[in-house]
Structure formats: C-alpha cells, structure tokens
Amino acid sequence: MTTHDPQRADAPKRRRSRGPVLAGALVAATLAVSAGLYWFQPWKLWQDETVREELAVPTAPPETAPPSPGASRSTAPPGPETLATGELISHEHRTTGTVKVVRLPDGSRTLRLEGLDTSNGPDLHVWITDAPVKAGRAGWSVFDDGAYESLGKLKGNKGDQNYALPAGVDLDEFTGVSIWCARFSVSFGAAELAPA
C-alpha cells in the first residue's frame, strides 16, 4: 500500500512557480540596466567630440550710394567686436575655456567658446542666463532658477565653437553662461560675462 505524502505532491508545484518569478526578475533587471544605460550614457565619459569652428564673419552689406566728395572711403569692412568675455570654471565636471560675446559686422551677435575642455555627457546645452555664477557645489544647479536662453546643444566637449545669440538677449541682464546638462539639471561648468 502506498502512502500519500503531501510534501511530495507540492514539490513539483513549487519548482514550477519559481520559473516565472525568476523570469520576471530577469526581465525587470534587464529593463533597469537598460534604462540606467540610456539615462546615464556612461560610455560618453570616454568619448570626446572636438569641434574647430572659425568665427564666421559675414561681410558688411555693399554701399548703395557712392560716398560724397570729401568723405573718407573705408577700404575694409569693420571686423568683429568683442562685447563681453569670461573664463569657464568647473562645476559638476572639470571645465576650462574662454567665453566671448562677439558682435559681427552685420550687427548679429555670437557667443563663442574657445579652448573648451569639459566632459562629454547626455543632453548638454549652452545656456546664457541671469543667474550668478557661483564657484563650487553651490553653483551646480542655479541656472534654471531664473531666466535663461538655450543657445542649442553643445556641439562638442572640446575645441572652439559658435552659437548665435538671439537679438532680444540683453547682456546687462544675461551675465552668465553654463554648459548645462538638461538630463540631470546640473551645470558642468560656467562663466561670468564681463564687458570687454
């Protein structure tokens, strides 16, 4: 006569129930790792993007009327004029370089980064802002507290690059520039602009 062992009857059921739990845990772990990789993009720390843009200087519009007799003739169009400058300081990541605001002969203005050297990262932008530039950790996240204008995505984490400055940006108000990581709301580095 065989006796019925309730533990043996349950044993196969327990083994079968572990499979879906393990599969669910594996799927959840895979999704978490994938989301983390997408969000942080750690490989960018080892990838540098160098940009070497010249300052594009449009020529002045041609004169429409000949100069009056006795008036001096200009032989060369006026060159670019530096309106403001600043040195980048490090925030979240070590950052160095120079920032300039340049008025071009056609009247447009360009924000120029020269000798930029910072870390690469996800979703980096160049911002001009009214926030004060503060050294150290206190300055990491102040730039989205007030008014700011995004000049576009950072073209590269190294080199020289130009960003068109909108006509409405008042340099008496907007005196800070930040390399801003929109993904984590933190400044990689910033510069305070001073009149040239």
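If you're wondering where the values come from, they're calculated on a predicted model, not measured in any experiment.

**Student:** Which parts of the structure should I look at to understand unusual backbone geometry?
**Tutor:** Where the residue is not glycine, phi is negative for most of them; where a peptide bond is considered, it is trans in most cases. Positive phi outside glycine occurs at D123, with the angle close to 60 degrees. Considering the arrangement of structural elements, one finds D123 in the loop between β5 (109-117) and β6 (124-129). Residues other than glycine seldom take positive phi values, yet S185 does so here, at roughly 50 degrees. Relative to the helices and strands, S185 is located in the loop between β9 (176-181) and β10 (186-192).

**Student:** Just checking my understanding: could you explain the side chain of Q161 for this structure?
**Tutor:** Positionally, Q161 belongs in strand β8 (residues 158-165). Its relative accessible area of 0% is what places Q161 among the buried residues. Engagement of the side chain of Q161 in a polar contact is seen with the backbone oxygen of G156, the distance being 3.1 Å. Here Y163 takes part through its side chain, which lies 2.5 Å from a polar atom of the side chain of Q161. Discounting chain neighbours no more than four positions away, the residues touching Q161 are V51, E53, L111, R112, L113, L116, L154, K155 and G156.

**Student:** It is not clear to me how the pattern of salt bridges should be interpreted in this structure. Could you clarify?
**Tutor:** Side-chain pairs of opposite charge can arise whenever the charged atoms involved come near each other. If you walk through the whole model with that rule in mind, you get 6 salt bridges. Taking the shortest distance from any N to any O, the salt bridge between K100 and E114 comes out at 3.3 Å. Of this pair, K100 sits in strand β4 (residues 96-103) while E114 sits in strand β5, placing them 14 residues apart in sequence. Exposure remark for E114: the relative accessible area of 24% places this residue in the partly exposed category. R112 is paired through a salt bridge with E114; the nearest N and O atoms lie 2.8 Å apart. Exposure remark for R112: the relative accessible area of 8% places this residue in the buried category. Linked by salt bridges that have partners in common, K100, R112 and E114 make up one network.

**Student:** Before we go on, may I ask you to explain the pairing of β8 in this structure?
**Tutor:** Successive residues of a regular strand alternate their side chains across the two faces of the sheet. Most of β8 is tucked away: 6 of the 8 residues are buried. Across 3 bridges, strand β1 (residues 50-52) lies against β8 in parallel orientation. Paired with T50 across the bridge in β8 is K158. Inspection of the sheet shows β5 paired to β8 by 7 bridges, in the antiparallel sense. Looking at the pairing, R112 lines up with N162 of β8.

**Student:** Help me understand the sheet that holds β6, please; the structure alone is not making it clear to me.
**Tutor:** Where strands meet in a sheet, backbone hydrogen bonds hold them as pairs that are either parallel or antiparallel. The strand order β3-β10-β9-β6-β7 describes an open sheet built from 5 strands, whose pairing is antiparallel. A single partner strand is all that each edge strand has here, and the edge strands are β3 (89-90) and β7 (148-153). With 2 bridges connecting them, β3 and β10 associate as antiparallel partners. Along β10, the bridge assignment pairs S90 with G189.

Conventions adopted
- Residues numbered from 1 in each chain as written.
- Predicted model: local features only at pLDDT ≥ 70, side-chain atom pairs only at ≥ 80, totals over all residues.
- Heavy atoms only, no water.
- Helix = DSSP H or I, 4+ residues; strand = E, 2+ residues; numbered from the N terminus.
- Buried < 20%, exposed > 50% of the residue type's maximum accessible area, 1.4 Å probe, protein only.
- Polar contact = N/O pair within 3.5 Å; in protein donor to acceptor, adjacent residues only side chain to side chain.
- Contact = heavy atoms within 4.5 Å.
- Salt bridge = Lys/Arg side-chain N within 4 Å of Asp/Glu carboxyl O.
- Pairing = 2+ DSSP bridges.

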